[in-house]
Amino acid sequence: MVLAKKCSSFEHFDVILQRRNNMYHFFSERFYKLRKECNYTQYKLGKLLNISRSTISKYESGDLFPATHTLIKIARVFKVSVDYLIGLSDER
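Note that the coordinates shown come from a computational prediction; the quantities given were computed from them, not determined experimentally.

1. As for the overall build of the protein
Link 1 in the chain: A count of helical and extended segments in the protein gives five helices and zero strands.
Link 2 in the chain: The N-to-C order of helical and strand elements in the protein reads α-α-α-α-α.
Link 3 in the chain: The burial tally for the protein puts 29% of its 92 residues in the buried class.
Link 4 in the chain: Within the protein, contacts between residues separated by at least 24 positions form 51% of all contacts whose residues are at least 6 apart in sequence.
Link 5 in the chain: Surface exposure of the protein reaches about 6,700 Å², of which carbon and sulfur atoms provide 54%.

2. Considering the pattern of salt bridges
Link 1 in the chain: Applying the stated criterion across every chain, the model contains three salt bridges.
Link 2 in the chain: Notably, a salt bridge pairs Arg 30 with Asp 90, separated by 2.7 Å at the nearest N-O pair. Taken together, the positions of Arg 30 in helix H1 (residues 9–37) and Asp 90 in the segment after helix H5 (82–85) put the pair 60 residues apart, joining distant regions of the chain.
Link 3 in the chain: Here Arg 35 and Glu 60 are joined by a salt bridge, their closest N and O atoms 2.3 Å apart. Residue Arg 35 is located in helix H1, and its partner Glu 60 is located in helix H3 (residues 53–61); the two are separated by 25 residues in the primary sequence.

3. Examining the packing of aromatic side chains
Link 1 in the chain: Counted according to the given criterion, the structure contains seven aromatic pairs.
Link 2 in the chain: Where Phe 27 meets Tyr 59, the ring centres are 5.8 Å apart and the plane angle is 80°; that geometry is what we call edge-to-face. Of this pair, Phe 27 sits in helix H1 while Tyr 59 sits in helix H3, placing them 32 residues apart in sequence.
Link 3 in the chain: Judged by centre distance (5.7 Å) and plane angle (80°), the rings of Phe 31 and Tyr 59 are edge-to-face. Taken as a pair, Phe 31 in helix H1 and Tyr 59 in helix H3 lie far apart in primary sequence, 28 residues in all.
Link 4 in the chain: Looking at Phe 31, the relative accessible area reads 0%, which means it is buried.
Link 5 in the chain: Judged by relative accessible area, Tyr 59 falls into the buried class, the value being 4%.

4. Quick word on the side chain of Thr 70
Link 1 in the chain: Tracing the backbone through its elements, the reader meets Thr 70 in helix H4 (residues 68–78).
Link 2 in the chain: Looking at Thr 70, the relative accessible area reads 7%, which means it is buried.
Link 3 in the chain: Beyond its immediate stretch of four places on either side in the chain, Thr 70 contacts Ile 51 and Tyr 59.

5. What to know about unusual backbone geometry
Link 1 in the chain: Unusually for a residue other than glycine, Asn 50 sits at a positive phi of about 60°.
Link 2 in the chain: Located in the positive-phi region is Lys 79, a residue other than glycine, with phi close to 55°.
Link 3 in the chain: Considering the arrangement of structural elements, one finds Lys 79 in the loop between H4 and H5.

Rules used in this analysis
Here the residue index of a chain counts from 1 through its sequence in written order. Under the rules for a predicted model, residues below a pLDDT of 70 receive no local features and side-chain atom pairs below 80 are neither given nor counted, while totals for whole chains, interfaces and linings still include all residues. With hydrogens and water set aside, each side-chain value is computed from the structure's full complement of heavy atoms. Strands here are runs of E lasting at least two residues and helices are runs of H or I lasting at least four, both read from the DSSP assignment and numbered beginning at the N terminus. For every residue, the accessible area obtained with a 1.4 Å probe (protein chains only) is divided by the maximum for its type, and the residue is called buried under 20%, exposed over 50%, and partly exposed between those limits. Here, residues are in contact when the closest pair of their heavy atoms is within 4.5 Å. In this description, accessible areas are obtained by the Shrake-Rupley approach with a 1.4 Å probe, and a residue is regarded as covered only by the protein chains that are shown. A pair is scored as a salt bridge if a Lys or Arg side-chain nitrogen falls within 4 Å of a carboxyl oxygen belonging to Asp or Glu. Each pair of aromatic rings taken from Phe, Tyr and Trp, with Trp reduced to its six-membered ring, is defined by centres within 6.5 Å and is described as stacked if the planes are under 30 degrees apart, edge-to-face if over 60, and tilted in the remaining cases.

So, in structure tokens, the structure goes:
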């Protein structure tokens, strides 16, 4: 009888962390690119989203990830899907 090898909880946790890090990476790159394409300064985009310039900077550097409601506002401002912002789709 062959027993299936169970994934340790640490391996599962590593997979979750890797997916989260990929999502953060996609978001920060796409957020920066979209801001530049629209010719927004960090200050101007912060005003549109009702968040600080320093928060915009942290999003772009990958030091901070937006809350769900902010992610939706960002998608609306740039007229893209949330899936595009977080790297689940390449279609805007």
